[in-house]
Amino acid sequence: MGKNGMPLDADLHAPVRIVNAEGRGPFVIVVDHASNRIPPRWGDLGLTAAERVRHIAWDPGALAVSLRLSELLDAPVVQSTVSRLVIDCNRDTDAPDLVPLVSELTEIPGNAALTADDRNWRIATAHAPFHAAIERVLSARDAAGQPSILVCMHSFTPVYKGVQRPWPIGLIHARDQRYTAALRDALAADAADLNVGWNEPYSALNGVTYTLEHHGDGNGLDATMIEIRHDEILEPNGVARWADRLARCLTEARVAIGGAAVHSGAVATGGPI
Ligand SMILES: [Zn+2]
């Protein structure tokens, strides 16, 4: 319990959720920006309801694609349940935009007078448990002799600061690009006319690869970061279409870098996309 006997948010809603923790497929999917939930302690951060459902608060559709992929690939999914406006779990704890003062062009009033205590509280109650959960899942698999490829799933807005983004999907790598390059090749083979962004709409140079580097490269794992444009997944059949395509291509890319062709997960076998 917190001061004045009020329950802390941690008592009400866990900051991280793990789905299919025991999944035996070769992939572990993590979703840093899965939720636009602002824990009650921070009210509405001074934003309108309309602002709080915009992409500035989360990655719309990223969790839906990840959950469908989890079914297709028997993959664990680790997701944050806290908005990136409270704390961005895909940033190192000393990053200047860990708690954003402005997101795209929107000022975040509730973050304007952030105290050290508040910042530390956000790290302790949202950022740290999220990353500890990823580490737990990966370590348990490692201990059981189950190799993992880390997949960091995101979505992006079609227009950012007035600039149109042409790629339906972008792939981002950290220091080791081997698996990401194999995924790019698999996507190109799957859909020749697909404009796959390479280190678009962001790259490691923009400081957006904390989770990828911390749990992937830094852990000696093959890893990739996938960004899908919102309009692609938010159209009626978008989640199924992208999950099917990614299940095929993630698997093909794994085989291309030397993974076994058969694993315990049920891979989509086609269907119209
Ligand atoms: Zn994101």
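Predicted model only: the values in this text are computed from it and were never measured.

Quick look at the environment of Glu-200 now. Structurally, Glu-200 can be placed in the loop between strand E10 (196-198) and helix H6 (210-216). On the basis of relative accessibility, which here comes to 26%, the residue Glu-200 falls in the partly exposed class. Sequence separation of Glu-200 and Leu-171 is 29 residues, and the distance between their C-alpha atoms is 6.5 Å. If we skip the residues at most four places from it in the chain, Glu-200 touches Trp-167, Gly-170, Leu-171 and Ile-172.

A word on the coordination of the zinc ion. Protein coordination at the zinc ion: the donors are His-33 (ND1), Asp-59 (OD) and His-154 (ND1), at 2.0 to 2.1 Å from the metal. Mapping the donors of the zinc ion onto the primary sequence gives the spacing H-x25-D-x94-H. On the criterion of sequence distance, the pair formed by His-33 in the loop between strand E2 (27-31) and helix H2 (49-52) and Asp-59 in the loop between H2 and helix H3 (62-73) is long-range, its members being 26 residues apart. For the pair shown, His-33 and Asp-59 are each scored as buried.

Sheet strands line up and pair through hydrogen bonds in the backbone, either parallel or antiparallel. The 7 strands lie next to each other as E1-E3-E2-E6-E11-E9-E10, forming an open sheet whose pairing is mixed. Strands with a single pairing partner mark the edges of an open sheet, and in this sheet they are strand E1 (16-19) and E10. Across the sheet, the mean angle separating the axes of adjacent strands is 20° when strand polarity is ignored. Sheet analysis places strand E6 (residues 149-156) next to strand E11 (residues 223-229), joined by 7 bridges and oriented parallel. In the sheet register, Val-151 faces E11, and the bridge partner there is Thr-224. The strands touched by helix H8 (residues 238-256) are E2, E6, strand E9 (169-172) and E11; relative to E11, the strand with the most contacts, the crossing angle is about 155°.

We now examine the side chain of Ser-103. For Ser-103, the location among the structural elements is in strand E4 (residues 102-103). We classify Ser-103 as buried; its relative accessible area is 14%. If near-sequence neighbours (up to four positions away) are discounted, Ser-103 is found in contact with Ile-56, Leu-85 and Ile-108.

With that settled, the discussion passes to the packing of aromatic side chains. Applying the stated criterion across every chain, the model contains 1 aromatic pair. Between Phe-27 and Tyr-179, the aromatic rings sit 6.5 Å apart at their centres with planes inclined by 50°, giving tilted as the arrangement. Here Phe-27, found in strand E2, pairs with Tyr-179, found in helix H5 (residues 178-190); they are 152 residues apart in sequence, far enough to count as distant. Each member of the pair, Phe-27 together with Tyr-179, is buried. Geometry around Trp-42 places Arg-41 over its ring, the cationic atom sitting 5.8 Å from the centre. Looking at Arg-184, its charged tip hangs above the ring of Trp-198, at a distance of 4.2 Å from the centre.

Applying the stated rule across the entire model yields 15 salt bridges. As a salt-bridge pair, Arg-68 and Glu-71 come within 2.6 Å of each other at their nearest N and O atoms. Taken together, the residues Arg-68 and Glu-71, both in helix H3 and 3 residues apart, mark about one turn of the helix. What makes Arg-68 partly exposed here is its relative accessible area of 32%. By relative accessible area, which is 55% here, Glu-71 ends up exposed. Ionic contacts of the salt-bridge type, sharing partners, join the residues Arg-229, Asp-231, Glu-232, Glu-235 and Arg-241 into one network.

Thresholds, definitions, all that
- Residues numbered from 1 in each chain as written.
- Predicted model: local features only at pLDDT ≥ 70, side-chain atom pairs only at ≥ 80, totals over all residues.
- Heavy atoms only, no water.
- Helix = DSSP H or I, 4+ residues; strand = E, 2+ residues; numbered from the N terminus.
- Buried < 20%, exposed > 50% of the residue type's maximum accessible area, 1.4 Å probe, protein only.
- Contact = heavy atoms within 4.5 Å.
- Donors = N, O, S within 2.8 Å, 3.2 Å for Na, K, Ca; no water.
- Pairing = 2+ DSSP bridges.
- Axes fitted to C-alpha atoms, helices over the stretch in contact; angles between N-to-C directions.
- Phe/Tyr/Trp six-rings, centres within 6.5 Å; stacked < 30°, edge-to-face > 60°.
- Lys NZ or Arg CZ within 6 Å of the ring centre and 35° of its normal.
- Salt bridge = Lys/Arg side-chain N within 4 Å of Asp/Glu carboxyl O.

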